[in-house]
Amino acid sequence: MHTLTADPNTVVLAGDLLDWATLKTNQIGTLIRLAVGVMVLAAVAMAYWKTKSWVATLVAFLLGALVLWGIANLPSLQTKVGSEIEDTASVAPQVPGPGGDDDVTALL
């Protein structure tokens, strides 16, 4: 059996690798949230610096807060979008269109 460590008596199990992958995924998610937060703060500061307007700064802040909220609530938004798509696509209505047998006899 192959090992990933220098000690030949230590065996790395699949559960350990899954725990490591989960930990790294969570760390990457946290890093992304922090990076987006820094970008939002930079956008708000740039909006004030370029416009010197409190209205433009407030709009930039609100849009940034909306983006941060969307990222923080992404799992719940994904389930809501999926349920909306599945609910509306259950049965398509049947609409009679041109080209049926009744249309041909009416033209003759």
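All values derive from a computational prediction rather than experimental measurement. (Residues numbered from 1 in each chain as written. Predicted model: local features only at pLDDT ≥ 70, side-chain atom pairs only at ≥ 80, totals over all residues. Heavy atoms only, no water.)

Draft legend 1. Local environment of the overall build of the protein chain. Scanning the protein chain from terminus to terminus reveals four helices and zero strands. By the burial criterion, 8% of the 108 residues in the protein chain qualify as buried. Summed over its atoms, the accessible surface of the protein chain is roughly 9,400 Å², and 70% of this surface lies on carbon and sulfur atoms. (Helix = DSSP H or I, 4+ residues; strand = E, 2+ residues; numbered from the N terminus. Buried < 20%, exposed > 50% of the residue type's maximum accessible area, 1.4 Å probe, protein only. Areas by Shrake-Rupley, 256 points an atom, 1.4 Å probe, with all protein chains shown as cover.)

Draft legend 2. Representation of the nonpolar core in the model. Judged by nonpolar contacts, Val36, Val40, Val44, Ala47 and Ala60 together constitute the single largest core of five residues. The greatest single-element share of this core, amounting to four residues, is contributed by helix α1 (residues 14-51). Ala47 has contacts with Lys52, Ala56, Thr57 and Ala60, leaving out every residue within four places of it along the chain. (Core = buried A, V, L, I, M, F, W, Y, C linked by side-chain atoms within 4.5 Å. Contact = heavy atoms within 4.5 Å.)

Draft legend 3. Highlighting the packing of aromatic side chains. Following the criterion strictly, the structure yields one aromatic pair and no others. With centroids separated by 5.0 Å and ring planes inclined at 40°, the aromatic side chains of Tyr48 and Trp54 adopt a geometry described as tilted. For Tyr48, a relative accessible area of 32% translates into the label partly exposed. Classification of Trp54 by relative accessible area gives exposed; the value is 65%. (Phe/Tyr/Trp six-rings, centres within 6.5 Å; stacked < 30°, edge-to-face > 60°.)

Draft legend 4. A look at the environment of Leu77. Mapped onto the fold, Leu77 is located in helix α3 (residues 74-88). Excluding residues that lie within four positions of it along the chain, Leu77 makes contacts with Trp69 and Gly70.

Draft legend 5. Structural view of helix α2 (residues 54-72). For α2, with 19 residues, the first-to-last C-alpha span of 26 Å sits near the 27 Å given by 1.5 Å per residue. For α2, the full list of buried residues reads Thr57, Ala60, Gly64 and Gly70. Buried residues of α2 fall within an arc of 150° about the axis and therefore sit on the same side. Facing away from the buried side of α2 by more than 90 degrees, the exposed set consists of Trp54, Val55, Leu62 and Leu66. For α2, the capping residue at the N-terminal end is Ser53, with a side-chain oxygen 3.3 Å from the backbone nitrogen of Val55. (Expected span 1.5 Å × (residues − 1). Arc of directions from axis to C-beta. Polar contact = N/O pair within 3.5 Å; in protein donor to acceptor, adjacent residues only side chain to side chain.)

Draft legend 6. Seen up close, unusual backbone geometry. If you check the backbone angles, Lys52 has positive phi at about 55° while not being a glycine. Topologically, Lys52 is positioned in the loop between α1 and α2.

Draft legend 7. Main features of the side chain of Thr57. Examined against the element boundaries, Thr57 turns out to sit in helix α2. Residue contacts for Thr57: discarding those within four places in its chain leaves Val44, Ala47 and Tyr48.

Draft legend 8. Fine view of the confidence of the model for the protein chain. Residues with a pLDDT of 70 or more make up 69% of the protein chain, whose mean pLDDT is 80. Per-residue pLDDT, averaged within each element of the protein chain, yields its smallest value for helix α4 (residues 101-107) (53) and its largest for α2 (95). (pLDDT = per-residue confidence, 0-100.)

Draft legend 9. Up close: the environment of Thr51. Mapped onto the secondary structure, Thr51 falls in helix α1. One polar contact links the side chain of Thr51 to the main-chain carbonyl oxygen of Ala47, over a distance of 2.5 Å.

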